[in-house]
Amino acid sequence: MNASIMEITEVETFVVDADWRNWFFVQVHTDEGISGVGEALSGEGLTAALEATADAHKHYLIGEDPLNRKAISRRLRRDPSRGERAS
């Protein structure tokens with residue numbers, strides 16, 4: 001990739017138990033030292049599914065430009081069961 005484009009280097013997930021509901025966080029790290037965090041509320045029984053889904057999709061994000069949200073979104077939405085490839 002072009003050295004002038006920022007790249008995602010790591011994706012981490014965290015779960016915070018708030019008694020009545022779990023908070024699910026995803027932290028994205030870049031080669032520029034910039035990190036970003038996204039969050040979602042998780043209903044009972046969904047936390048493990050969210051973690052598994054995030055872990056299964058991390059490899060689609062590594063090396064991508066975090067500012068190119070459209071490309072990342074397209075990549076994550078492709079369906080390999082229909083023969084679509086997430087380049």
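Everything numeric here is computed off the predicted structure, so don't read it as measured data. (Residues numbered from 1 in each chain as written. Predicted model: local features only at pLDDT ≥ 70, side-chain atom pairs only at ≥ 80, totals over all residues. Heavy atoms only, no water.)

**Q** So what exactly am I meant to see when it comes to the pattern of salt bridges here?
**A** Taken as a whole and assessed by the stated rule, the structure comprises two salt bridges. Note that Lys58 is salt-bridged to Asp55, the shortest N-O span being 3.0 Å. Here Asp55 and Lys58 lie together in helix H1 (residues 47-61), a separation of three residues that amounts to about one turn. The class of Lys58 is partly exposed, set by a relative accessible area of 23%. When the shortest N-O distance is used, the salt bridge between Glu64 and Arg75 registers 2.7 Å. (Salt bridge = Lys/Arg side-chain N within 4 Å of Asp/Glu carboxyl O. Helix = DSSP H or I, 4+ residues; strand = E, 2+ residues; numbered from the N terminus. Buried < 20%, exposed > 50% of the residue type's maximum accessible area, 1.4 Å probe, protein only.)

**Q** Would you mind showing me how to read the side chain of His29 here?
**A** Within the secondary structure, His29 is located in strand E2 (residues 22-30). Of note is the side chain of His29, whose polar atom sits 2.5 Å from the side chain of Glu12. Those residues within four positions of His29 in sequence are excluded, and the remaining contacts are Glu7, Ile8, Thr9, Glu10, Glu12, Ile34 and Ser35. (Polar contact = N/O pair within 3.5 Å; in protein donor to acceptor, adjacent residues only side chain to side chain. Contact = heavy atoms within 4.5 Å.)

**Q** Is there a simple way to think about H1 in this case?
**A** The periodicity of an α-helix, 3.6 residues per turn, causes residues three or four places apart in sequence to face the same way. In this model, H1 (15 residues) spans 21 Å end to end at C-alpha, consistent with the 21 Å of a helix rising 1.5 Å per residue. A maximum bend of about 30° is found in H1 at Asp55. Looking at H1, one finds that the buried residues are Thr47, Ala54, Tyr60 and Leu61. For H1, the elements touching its buried residues are strand E1 (8-17), E2, strand E3 (35-42) and helix H2 (69-77). Backbone geometry just after H1 places Gly63 at a positive phi near 90°. (Expected span 1.5 Å × (residues − 1). Bend = angle between axes of the 7 residues up to and from the residue.)

**Q** Help me understand the environment of Val28 in this model?
**A** With respect to the secondary-structure elements, Val28 resides in strand E2. With residues near it in sequence (within four places) discarded, Val28 still touches Ile8, Glu10, Ile34, Ser35 and Gly36.

**Q** Sorry, what's going on with the pairing of E3 here?
**A** Regular strands have side chains that alternate between both faces of the sheet. Here eight bridges tie E2 to E3, and the two strands are oriented antiparallel to one another. Each bridged residue has a counterpart across the sheet, and for Gln27 the counterpart in E3 is Val37. Linking two consecutive strands that pair antiparallel, namely E2 and E3, is a turn of four residues; a positive phi of about 85° is found at Gly33 within it. (Pairing = 2+ DSSP bridges.)

**Q** What's the story with the environment of Gly43 in this structure? I'm lost.
**A** As for its placement among the helices and strands, Gly43 is situated in the loop between E3 and H1. Of the residues examined, Gly43 reaches a relative accessible area of 27% and is grouped as partly exposed. On a C-alpha basis, the gap between Gly43 and Trp23 in space is 9.0 Å, while along the polypeptide they are 20 residues apart.

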